[in-house]
Structure formats: C-alpha cells, structure tokens
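# Structure assessment
Below are the chains, spelled out letter by letter.
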Amino acid sequence: MKKNFILLFTAGLFLTVIVNGQSDNWIKTTDGLISCKKITNLNDELRLVFENGEKQRIPSNSVLSFNKNGKLYEKMPLYEKGLKEGMKFMKFLSSHEDMRLYEFYDKSFQKRNKNRSSKRYFIYKGEELYIELTLADYSGFEKDFNVKL
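The following refers to the structure shown. The numbers attached to residues start from 1 for each chain and follow its sequence in the written order. Per-residue local features are limited, in this predicted model, to residues with pLDDT of at least 70; the limit for side-chain atom pairs, both in listing and counting, is 80 or more; totals at the level of whole chains, interfaces and linings are taken over all residues. Hydrogens and water molecules were not included; the side-chain quantities draw on all heavy atoms of the structure.

Secondary structure elements follow DSSP: runs of H or I no shorter than four residues count as helices, runs of E no shorter than two count as strands, and numbering proceeds from the N terminus. Of regular secondary structure, the protein chain possesses three helices and eleven strands. When its helices and strands are written in sequence order, the protein chain yields α-β-β-β-β-β-β-β-β-β-α-β-β-α. Residue contacts are defined here by distance: any two heavy atoms, one from each residue, within 4.5 Å place the two residues in contact. Once local pairs closer than 6 in sequence are excluded, the contacts in the protein chain between residues at least 24 apart make up 33%. Residue burial considers only the protein chains on display, and all accessible areas are found by Shrake-Rupley using a 1.4 Å probe. Carbon and sulfur atoms form 53% of the exposed surface of the protein chain, whose accessible area is close to 10500 Å².

This paragraph deals with the packing of aromatic side chains. Centre distance within 6.5 Å is the pairing criterion for rings of Phe, Tyr and Trp, where only the six-membered ring of Trp is used; planes under 30 degrees apart are then read as stacked, over 60 as edge-to-face, and the remainder as tilted. For the coordinates displayed, the defined rule picks out seven aromatic pairs. Note on F66 and F89: the rings are 5.0 Å apart at their centroids and 70° apart in plane angle, and the pair reads as edge-to-face. With a gap of 23 residues between them, F66 in strand β6 (residues 63-68) and F89 in strand β8 (residues 83-96) connect regions that are remote in the sequence. Exposure is judged per residue with a 1.4 Å probe applied to protein chains only, and the accessible area is read against the type maximum: over 50% gives exposed, under 20% gives buried, and values in between give partly exposed. Owing to a relative accessible area of 2%, F66 belongs among the buried residues under this scheme. For the ring pair Y102 and Y124, a centre distance of 5.7 Å and an interplane angle of 80° mean the geometry is edge-to-face. Linking Y102 in strand β9 (residues 99-105) with Y124 in strand β10 (residues 119-125), this pair joins segments that are 22 residues apart in sequence. Given the relative accessible area of 1%, Y102 is considered buried. By way of ring pairs, the aromatic residues F92, Y102, F122 and Y124 are connected into one cluster.

What follows is about the environment of I131. Tracing the backbone through its elements, the reader meets I131 in strand β11 (residues 128-132). Excluding anything up to four places from it in sequence, I131 contacts Y121, F122, I123, D137 and F141.

For the rest of this paragraph, the subject is the sheet that holds β9. Any two strands are treated as partners once DSSP identifies two or more bridges connecting them. Judged by pairing direction, the sheet is antiparallel, and its eight strands sit side by side in the order β2-β1-β6-β7-β8-β9-β10-β11 without closing on themselves. Of all the strands in the sheet, the pair left with one neighbour each is β2 (32-36) and β11. Averaged over all neighbouring strand pairs, the angle between strand axes comes to 35°, with direction disregarded. Sheet topology places strand β7 (residues 71-80) next to β8; eight bridges connect them, and they run antiparallel. Paired with L78 across the strands is G86, a residue of β8. Relative to β8, helix α3 (residues 138-145) is tilted by about 55°, and along the sheet it contacts β8, β9, β10 and β11. Here the axes come from fitting lines to C-alpha atoms, over the contacting stretch only for helices, and the angles between their N-to-C directions go from 0 to 180 degrees.

Written as structure tokens, this is what we have:
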C-alpha cells in the first residue's frame, strides 16, 4: 500500500512539474512545437523571444498556428468579396457543432469601410468559409457560439 501511495505521489508531482513548466506562448510548425516567452506577429514573420532572452524570427509561411497568452491563432484562408486572398492568422474564439468562429484584425478593412471596426468575424466548416458575419448576424451567432462579439 505504501509503495502504491509513493508511486502515485511521485507521478502526480512529475505531472505537476511538467504542466507548470509549459509556456502559454508557443508556435506549431511542421517540425513540432516551440515554446517561448513572447510572440509578436509581424504578418510576414513571427518574432519570438525565448526564456533565456534569445530572439529569433520565423517566416509566417512555416508556422501552422500559435498560442499567445492563452489565445489560439490558426492560419485560415481569408476571403475578400468571395475570393480567397491567402492564408492569415485568425484568433479562434469558439466552436459549435462542426463550425468554428474566428476573429481577424484587419486595419485595411476599417480604412475601406468607414465607421466599421477593424475586427472581422468568420465562421468556417473545416477549411471552407461558411459565412463572414455582419453586424446584423452577431446576436444570433453569439448565442450559438456562447460569445460576445
């Protein structure tokens, strides 16, 4: 009995050390996960600062997703007037059934559309765009996705 207790206690302690040792900030590439202290998205590249102070720049096209301060950013296709404009990092907000809701910060959108926020909201089914939300859509989708837009 004592041996079982010691074994369980050691396993719990080990798991606690592993979980607490992980950073909230990481990037996912085709090679795996990279933990870091700070991430700055510069559109064409990500600037990373590691725990030891070392800095590194990684091209955005080699990054699949990243987690910054507990928020997940995934590379998704951006559509403008129904046409695919390329892949951009979007903040994952919530999922509902087989749909995922993302927020995209777009300064150029605000310049083109006066009196509109620079935040755009998209719902995807897999990699395919389901709908870009308009202000009129917010209340219905807020209920489904349990978020406040």
